[in-house]
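As a plain string of letters, each chain reads:
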Amino acid sequence: MKRVVVGLSGGVDSSVAAYLLKEQGYEVIGLFMKNWHDDSVTISNECPWLEDSNDALLVAEKLGIPFQTVDLSEQYKEKIVDYMFNEYEKGRTPNPDVLCNREIKFDVFMKIAMSLGADYVATGHYCRKGTLEKDGKEVFQLLAGKDDNKDQSYFLCQLSQEQLSKALFPIGELTKPEVREIASKLDLITAEKKDSQGLCFIGKVRLPEFLQQKLQPKEGIIIEIPADAIVYTQEKPQFSSDEEAFAFEAKRIDYLKVPGKVMGKHQGAHYFTKGQRKGLNVGGTKEPLFIIETDVEKNIIYTGQGNNHPGLFKKALFIANDEVHWIREDLALKEGEKMEVMARIRYRQPLQKATLHQFKEGMYVVFEKPQSAITEGQFVAWHHNDEVLGSGVIA
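Conventions we followed
Position numbers for residues count from 1 along each chain, tracking the sequence in the order it is written. Thresholds applied to this predicted model are a pLDDT of at least 70 for local features of residues and 80 or more for the giving and counting of side-chain atom pairs; totals over whole chains, interfaces and linings are not thresholded and use all residues. The side-chain values count all of the structure's non-hydrogen atoms but skip hydrogen atoms and water molecules. Any Phe, Tyr or Trp ring, taking Trp's six-membered ring, that has another such ring centre within 6.5 Å forms a pair; planes under 30 degrees apart are called stacked, those over 60 apart edge-to-face, and the others tilted. Helical segments are the DSSP runs of H or I of at least four residues, strand segments are the runs of E of at least two, and each set is numbered from the N terminus. A pair of strands is considered paired only if DSSP assigns at least 2 bridges between the two. What a helix is expected to span follows from its residue count: subtract one and scale by 1.5 Å. Buried residues are those whose accessible area, probed at 1.4 Å on protein chains only, stays under 20% of the maximum for their type, while exposed residues exceed 50% and partly exposed ones sit between those limits.

A. Broad picture of the packing of aromatic side chains. Within this structure, the stated rule accounts for 12 aromatic pairs. Measuring from centroid to centroid gives 6.5 Å for Tyr232 and Tyr255, while their planes differ by 65°, and the two rings are edge-to-face. Here the residue Tyr232 occupies a position in helix α8 (residues 230-233), and Tyr255 occupies one in the loop between α9 (242-250) and β9 (261-266), the gap between them amounting to 23 residues. Consider the rings of Trp326 and Trp382, whose centres lie 5.4 Å apart with planes at 70°: the pair is edge-to-face.

Below, the structure written as structure tokens:
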């Protein structure tokens, strides 16, 4: 009998995942991860992890499976929280959920599970795992979940073959309503529980307050760049290579030399991210202002009116070689090769047609249509049909 450790989060998805595995004849152990929790930045005085671990315990009792709690706060602080501060400080926008899966759930947590003699680790993610044989070797695939509304394969886009080989996603074939229905029939306490929002496990955190603990506020100016600024309409130079042309498409515009209008003040460029609209507290424009660029060195925020402002759009992005990650290592591009894919630059964005071009220093992802708010530090993931082939950090 194969043993599987389920990460029980106290939510409905992982509860049903545990039940399905038991039905399939696995020996199931429930494990709740207590991750970093800082009372000074949560919004409400409820203690979410206590309530969640309690719900997880009740589910385990109901299903008749052993249960324990593991405290991963140390590793979590070091691998996720510190990384977030570092990224924001550099003016990048991290994605803690993608990282949490790679570094915590399918690494630290997986090692704990293996030390308990587990063959597999399972989570309540809406995605599926496929297997195929290639050159006599088993290759694992990460596939989108059946529920289009809930597909969470994006959050797992940094997993490796090694991690996938030991992973199970029991609810990947189901839709959210079906999952809730199973939980109701079993009378699980989590059946009606709302989906958790917010950073994967940090609980309900107010991001600016969270960042202000480490990153000191410093006042700077907000500048509006007109949509008809010359920088958007000037002719493109002649390029001697594709690589040069892509680099031109992907590069940040230097707005220091572009005439703009001072609209107000902000408390620190590192608290803001591209494409953001809320939190600027500047009124009096015909259309709302969107952030088109932040300059953390000079502490300036550049904005433009409306979500069609040309400063928001780019056709290409770059990923440095050490940030390029192939789930399907067997399909990795060599220098000079290219591949047509469907890609997304954020969770739930509809897939976009794009071409990957691998060069010596890294890879360009060139989109068929310009994309809004390509944000440094976020992950781009690329697909073929419903399979996630790989991902990378936007440079």
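We are not done yet, so read on.
B. The pairing of strand β16 (residues 362-372), seen in detail. One ladder, built from seven bridges, connects strand β12 (residues 313-320) with β16; its direction is antiparallel. Considered in β16, the bridge of Phe313 is made with Ser372. The sheet contact formed by strand β15 (residues 352-358) and β16 spans five bridges and is antiparallel. Pairing of Gln358 across the sheet is with Met363, part of β16. Linking β15 to β16, which pair antiparallel, is a turn of three residues.

C. Main features of helix α1 (residues 12-23). Counted at 1.5 Å a residue, the expected span for α1 with its 12 residues is 16 Å, and the 17 Å between its end C-alpha atoms agrees. Residues Val12, Asp13, Ser14, Ser15, Val16, Ala17, Ala18, Leu20 and Leu21 constitute the buried set of α1. Just past α1, the residue Gly25 takes up positive phi, approximately 95°.

By themselves, these are just geometric observations and shouldn't be taken as functional.
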